[in-house]
Amino acid sequence: MAYAEKRVSIAKGKKGKATWRARYRKPDDTWGSEPGFPTKRTAEDWGEGQEAAIREGRWIDPDLMRKPFGQWAREWMKTRSPRGRTTTTRWSRLDAHILPRWEHTPLIGVSWFEAENWANSLDCDDSTATQCLSIMSSILTGAVDAKHLLVNPLVGRRRSRPASVKAQVQQKDHTKLWAPPEVVLQVARRVGPADGLHVLTTAFAGVRWGEGLALREDSLGERCEPFDGGEFRCPTLSVANEIAEYQPRDEDGNKLPLVMLLEPVKTAESKRDIDLPPFLAELLRAHTREHRHEYLFCTRTGKSWRRSNFGKQVMRPAADGRTALPTVRGHRAREAWAPIMPGLTMRDLRHTHDTYQEQIGVKPALAFVQAGHKRPGIKAVYQHPTPEMRRARLEGLQAIFDRAMEALGWSRIWDGS
């Protein structure tokens with residue numbers, strides 16, 4: 001049974017001041033204690049409340065509730081085993097934003113009010129601030145599961161952004177997140193057949209960056225479905241894996257060397273067979289006949305491109321332009337390139353694919369599938385792609401390509417293609 005002990009301070013300045021300490025029997029039959037109560041009755045009530053919670057199976061050890069957030073975050077991260085890129089992102093958010101503020105805060109001391117205000121004050125992208133709150137919520141849910149907390153104060157809460165942040169989000173220029181087909185073709189020609197085909201595949205098939213790096217010769221296939229008393233056939237590109245670039249951590253969160261590893265795609269919707277328009281299928285087949293490396297899109301030595309290196313060495317000079325350089329020792333002369341579409345990225349080209357789908361009226365039942373997106377709502381259950389939908393999409397994408405080639409006055413993208 002819980003009881004109270006009187007404690008008389010002997011500290012200088014507080015000498016003679018009496019407080020009470022609650023004593024209660026813990027689940028393992030040892031005695032727990034909690035100091036600092038002003039009266040005997042409050043100490044006894046608190047201790048009896050602990051014993052009642054123990055009998056009802058809802059007791060949380062107060063010492064665990066006071067564990068620093070940073071300490072528990074590291075313990076929680078050791079038990080998680082998501083995809084490598086996900087782990088890297090979590091550590092990045094923890095190191096850069098979360099731990100500098102919450103490292104020493106007791107778990108019980110985290111509140112939604114303070115967490116939301118902190119997220120709104122972060123000097124980072126709005127989506128990063130929201131992601132930080134999401135990671136904190138996952139960590140606190142783990143604390144609830146491990147019986148360190150009774151409830152997670154962040155779960156189910158929706159962040160309210162200040163007016164200034166909302167205005168910034170609304171003012172973003174989304175018109176620059178896609179490229180006209182003539183731009184896609186010009187960039188593809190400028191960077192050459194190997195990297196240019198990667199550009200075309202992203203814009204006209206919608207593969208994500210890591211998915212594109214993981215494509216092999218055996219990724220090319222064929223779809224065959226009954227249609228109009230016969231068969232509908234079209235070439236396909238199978239997406240099942242991706243090459244993930246990330247920096248692993250050891251159990252204590254220390255950084256390890258950067259790695260690039262083959263992993264399954266993140267979601268069930270991402271695993272898909274993309275129908276290829278005729279021009280792209282022909283270019284890919286020709287590429288596989290001449291390519292000598294395991295993956296279709298890679299560096300000249302067969303290594304996987306790092307996203308930052310591809311951007312710096314390929315996309316930026318091709319899209320932004322470059323100055324001419326004379327011949328110097330170790331480097332041949334290079335010609336100047338005028339800008340085509342400054343700032344264009346491979347992610348913009350994926351946006352471009354879905355924009356083209358909308359332009360040519362691809363039905364949502366097929367558009368979501370081809371882009372690797374999860375379609376929301378009941379229509380995702382009742383509506384499915386048909387051969388006629390697939391045929392219309394392929395004809396539309398081929399027409400976009402053909403019109404762009406005609407507008408540029410080209411008969412081929414690269415010499416010999």
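Owing to the predicted nature of the structure, the values given are computational and were not obtained by experimental measurement. (Residues numbered from 1 in each chain as written. Predicted model: local features only at pLDDT ≥ 70, side-chain atom pairs only at ≥ 80, totals over all residues. Heavy atoms only, no water.)

## Quick look at helix H9 (residues 193-205)
Here comes step 1: In a regular helix each residue adds 1.5 Å, so 13 residues correspond to 18 Å; H9 covers 17 Å between its end C-alpha atoms and thus fits that length.
Here comes step 2: For H9, the tally of buried residues reaches 11 of 13 residues, placing the bulk of the element in the interior.
Here comes step 3: For H9, the full list of buried residues reads Asp195, Gly196, Leu197, His198, Val199, Leu200, Thr201, Thr202, Ala203, Phe204 and Ala205.
Here comes step 4: Immediately beyond the C-terminal end of H9, within one or two residues, lies Gly206, with a positive phi of roughly 75°. (Helix = DSSP H or I, 4+ residues; strand = E, 2+ residues; numbered from the N terminus. Expected span 1.5 Å × (residues − 1). Buried < 20%, exposed > 50% of the residue type's maximum accessible area, 1.4 Å probe, protein only.)

## So, the environment of Arg93
Here comes step 1: Here Arg93 is to be found in helix H4 (residues 84-102).
Here comes step 2: For the pair Arg93 and Arg329, spaced 236 residues apart in sequence, the C-alpha to C-alpha distance is 44 Å.
Here comes step 3: When neighbours within four sequence positions are excluded, Arg93 is seen to be in contact with Ile98, Thr128, Gln131, Cys132 and Ile135.
Here comes step 4: Of the polar contacts made by the side chain of Arg93, one reaches the side chain of Gln131; its length is 2.6 Å. (Contact = heavy atoms within 4.5 Å. Polar contact = N/O pair within 3.5 Å; in protein donor to acceptor, adjacent residues only side chain to side chain.)

## Side note on the sheet that holds strand E1 (residues 3-8)
Here comes step 1: Taken together, the 3 strands give an open sheet; going across it, the order is E1-E2-E3, and neighbouring strands pair in antiparallel fashion. In this open sheet, the two edge strands, each paired with only one partner strand, are E1 and strand E3 (31-37). The sheet shows a mean angle of 30° between the axes of neighbouring strands, direction not considered.
Here comes step 2: Bridge analysis of strand E2 (residues 18-25) against E3 gives 5 bridges, and the strand direction is antiparallel. (Pairing = 2+ DSSP bridges. Axes fitted to C-alpha atoms, helices over the stretch in contact; angles between N-to-C directions.)

## Notes on the nonpolar core
Nonpolar side chains in soluble globular proteins tend to end up buried together.
Here comes step 1: Grouped together as the largest cluster of nonpolar side chains are 51 residues, with contacts concentrated most on Val184, Leu200, Phe204, Leu280, Leu344 and Leu349.
Here comes step 2: At the level of secondary structure, the elements contributing two or more residues to this core comprise helix H8 (181-191), H9, helix H10 (209-213), strand E5 (230-239), helix H11 (278-290), helix H12 (307-320), helix H13 (346-359) and helix H16 (387-408).
Here comes step 3: Discounting residues that sit within four places of it in the chain, Leu280 has contacts with Leu197, Leu200, Thr201, Phe204 and Ala205.
Here comes step 4: Counting residues in hydrophobic clusters, the runner-up holds 27 residues, among them Trp76, Ala115, Leu133 and Leu149. (Core = buried A, V, L, I, M, F, W, Y, C linked by side-chain atoms within 4.5 Å.)

## Remarks on the pattern of salt bridges
Here comes step 1: Counting across every chain of the model gives 28 salt bridges.
Here comes step 2: Between Glu34 and Arg66 there is a salt bridge, with the nearest N and O atoms lying 3.0 Å from each other. Of this pair, Glu34 sits in strand E3 while Arg66 sits in the loop between helix H2 (62-65) and helix H3 (69-79), and the two are 32 residues apart along the sequence.
Here comes step 3: On the accessibility criterion, Glu34 (14% relative accessible area) is buried. (Salt bridge = Lys/Arg side-chain N within 4 Å of Asp/Glu carboxyl O.)

## As for the packing of H3 against helix H6 (residues 126-145)
A pair of packed helices is captured by two measures, namely the crossing angle of their axes and the spacing between those axes.
Here comes step 1: In contact at an axis separation of 10 Å, H3 and H6 are set at 85° when each is read in the N-to-C sense. The angle between H3 and H6 places the two elements in the roughly perpendicular class. Of H6, the residues touching H3 (which contributes Phe69, Trp72, Ala73 and Trp76) are Met136, Ser138, Ile139, Leu140, Gly142 and Ala143.
Here comes step 2: Partitioning the contact of H3 with H6 into residue classes produces 8 nonpolar, 2 polar and no charged. (Parallel < 35°, antiparallel > 145°, perpendicular 65-115°, else oblique. Nonpolar A, V, L, I, M, F, W, Y, C, P; charged D, E, K, R; others polar.)

## Some thoughts on the packing of H3 against H4
Here comes step 1: The geometry of H3 relative to H4 is characterised by a closest axis approach of 11 Å and an angle of 170° between their N-to-C directions. By the criterion of interaxial angle, the relationship of H3 to H4 is roughly antiparallel. Together, Phe69, Gly70, Ala73, Arg74, Trp76 and Met77 of H3 and Thr87, Arg90, Trp91, Leu94, Ile98, Leu99 and Trp102 of H4 make up the contact between the two elements.
Here comes step 2: For the contact of H3 with H4, the class distribution of residues is 9 nonpolar, 2 polar and 2 charged.

## Brief notes about unusual backbone geometry
Negative phi is the rule for most residues except glycine; trans is the rule for most peptide bonds.
Here comes step 1: Despite not being glycine, Lys147 shows a phi value in the positive range, around 60°.
Here comes step 2: Here Lys147 lies in the loop between H6 and helix H7 (163-170).
Here comes step 3: The backbone of Asp228 sits at a positive phi, close to 50°, despite the residue not being glycine.
Here comes step 4: Inspection of the secondary structure assignment puts Asp228 in the loop between strand E4 (220-227) and E5.
Here comes step 5: With relative accessibility at 72%, the residue Asp228 sits in the exposed group.

## Here's the deal with the packing of aromatic side chains
Each pair of aromatic rings is reported with the distance of its centres and the angle of its planes.
Here comes step 1: In this structure the tally under the stated criterion is 12 aromatic pairs.
Here comes step 2: Centroid distance Phe204 to Tyr356: 5.4 Å. Interplanar angle 50°. Geometry classified as tilted. With Phe204 in helix H9 and Tyr356 in helix H13, this residue pair connects regions lying 152 residues apart in the sequence. When sorted by exposure, Phe204 lands in the same class as Tyr356, which is buried.
Here comes step 3: In textbook terms, an aromatic cluster arises when at least three aromatic residues are bridged by ring pairs, as seen for Tyr24, Phe37, Trp46 and Trp59.
Here comes step 4: A cation sits over an aromatic face here: Arg101 above Trp102, 3.8 Å from the ring centre.
Here comes step 5: Here the guanidinium or amino end of Arg322 rests over the ring plane of Trp337, the centre of that ring lying 3.6 Å away. (Phe/Tyr/Trp six-rings, centres within 6.5 Å; stacked < 30°, edge-to-face > 60°. Lys NZ or Arg CZ within 6 Å of the ring centre and 35° of its normal.)

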